[in-house]
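Understanding the architecture of this molecule
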Amino acid sequence: MHKVILLAGISGAGKSTYAGKLFEHHRLTHSVHTALSADDFPGLYFDGELVFDFLPKAHSWCVRSYINTLADAERGHDSHLIVVHNTNTTVSELAPYVAIARAFGVEPDCRVLRIDAYTAIERNIHNVPRSTVFQQSQRLADMMENWPSFFPPLTCVKVEPNFVFSKYASLA
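Residues numbered from 1 in each chain as written. Predicted model: local features only at pLDDT ≥ 70, side-chain atom pairs only at ≥ 80, totals over all residues. Heavy atoms only, no water.

What follows is about the state of the cysteines. One pass over the structure, following the stated rule, counts 0 disulfides. In this structure C62 is a free cysteine whose sulfur lies 14 Å from that of C110, the closest cysteine sulfur available. Left without a disulfide partner, C156 is nearest to the cysteine sulfur of C110, which lies 11 Å away. On the basis of relative accessibility, which here comes to 2%, the residue C156 falls in the buried class. (Disulfide = S-S within 2.5 Å. Buried < 20%, exposed > 50% of the residue type's maximum accessible area, 1.4 Å probe, protein only.)

So, about the packing of helix α2 (residues 55–75) against helix α3 (residues 91–103). α3 packs onto α2 with a crossing angle of 15° between their chain directions and a minimal axis gap of 10 Å. Relative to α3, α2 is oriented roughly parallel. Of the two elements, α2 crosses α3, and the hand of that crossing is right-handed. On α3, the residues touching H59, C62, V63, Y66, I67 and L70 of α2 are Y97, I100 and A101. (Axes fitted to C-alpha atoms, helices over the stretch in contact; angles between N-to-C directions. Helix = DSSP H or I, 4+ residues; strand = E, 2+ residues; numbered from the N terminus. Parallel < 35°, antiparallel > 145°, perpendicular 65-115°, else oblique. Left-handed = near helix turned anticlockwise from the far one by under 90°. Contact = heavy atoms within 4.5 Å.)

Moving on, we come to the layout of surface pockets. The space that makes up the largest pocket amounts to roughly 650 Å³. Residue lining of the largest pocket: 32 residues in total, with S11, K15, D39, N86 and T87 positioned closest to the centre. For the lining of the largest pocket, the elements supplying multiple residues, two or more each, are α1 (15–25), α2, α3 and α5 (130–145). Here the residues of the lining of the largest pocket sort into 12 nonpolar, 15 polar and 5 charged. (1 Å grid on protein atoms, 1.4 Å probe; cavity = no way out; pocket = protein on both sides within 12 Å on 5 of 7 lines; lining within 4 Å. Points joined across faces, edges and corners; volume = space filled by probe spheres on them. Nonpolar A, V, L, I, M, F, W, Y, C, P; charged D, E, K, R; others polar.)

Helix length check: α3 (13 residues) gives 18 Å between terminal C-alpha atoms against 18 Å at 1.5 Å per residue, within 8%. All of the buried residues along α3 are L94, Y97, V98, I100 and A101. On an axial view of α3, the arc spanned by its buried residues comes to 165°, and they lie on one face. Facing away from the buried surface of α3 by more than 90 degrees, the exposed residues are S92 and A103. Against β1 (3–8), α2, β5 (80–84), β6 (109–114) and α5 lie the buried residues of α3. Positive phi shows up at G105, right after α3, with a value of about 80°. (Expected span 1.5 Å × (residues − 1). Arc of directions from axis to C-beta.)

This part takes up the pattern of salt bridges. If you walk through the whole model with that rule in mind, you get 5 salt bridges. Put simply, R75 and D72 hold a salt bridge, and the shortest N to O gap is 2.4 Å. Here R75 and its partner D72 are both found in helix α2, 3 residues apart, which amounts to about one turn of the helix. Note that R102 is salt-bridged to E107, the shortest N-O span being 2.9 Å. The partly exposed category is assigned to R102, whose relative accessible area is 33%. (Salt bridge = Lys/Arg side-chain N within 4 Å of Asp/Glu carboxyl O.)

In structure tokens, the structure reads:
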């Protein structure tokens, strides 16, 4: 059986680190692990700086990669764990991933990584502007408050400054 985990969190929340911990945790139950993020789009960074003009292409590339990965998983015999770890701070950003997973017969597991914005800013490796991180934080809070009933339940994961992750709530 395949598993899809969709992560949401502000820049610097530790989504990539958490994805790695998920792979460690599921290494015995899923033989194929795939992490997908717009951050992996070729050319999104130039000299270590995020090229904001490329973000729309990067997100389109991520969705296409997700579809291809699910299609490959459906054709194969191995058990796949697929983790999408974009910021995903609005329902409209998560909706395509939820719909695509369901189209492939997989009910995704949605998780939001909660962290103090100031801590996230300090450890943000992508040089996302401070004001953007605060905007992401507000959008994420709004999304959690208005989580649609037709979406899968949302699990909140508290992120400590030292990258300790702990589930603390599930919103239905």
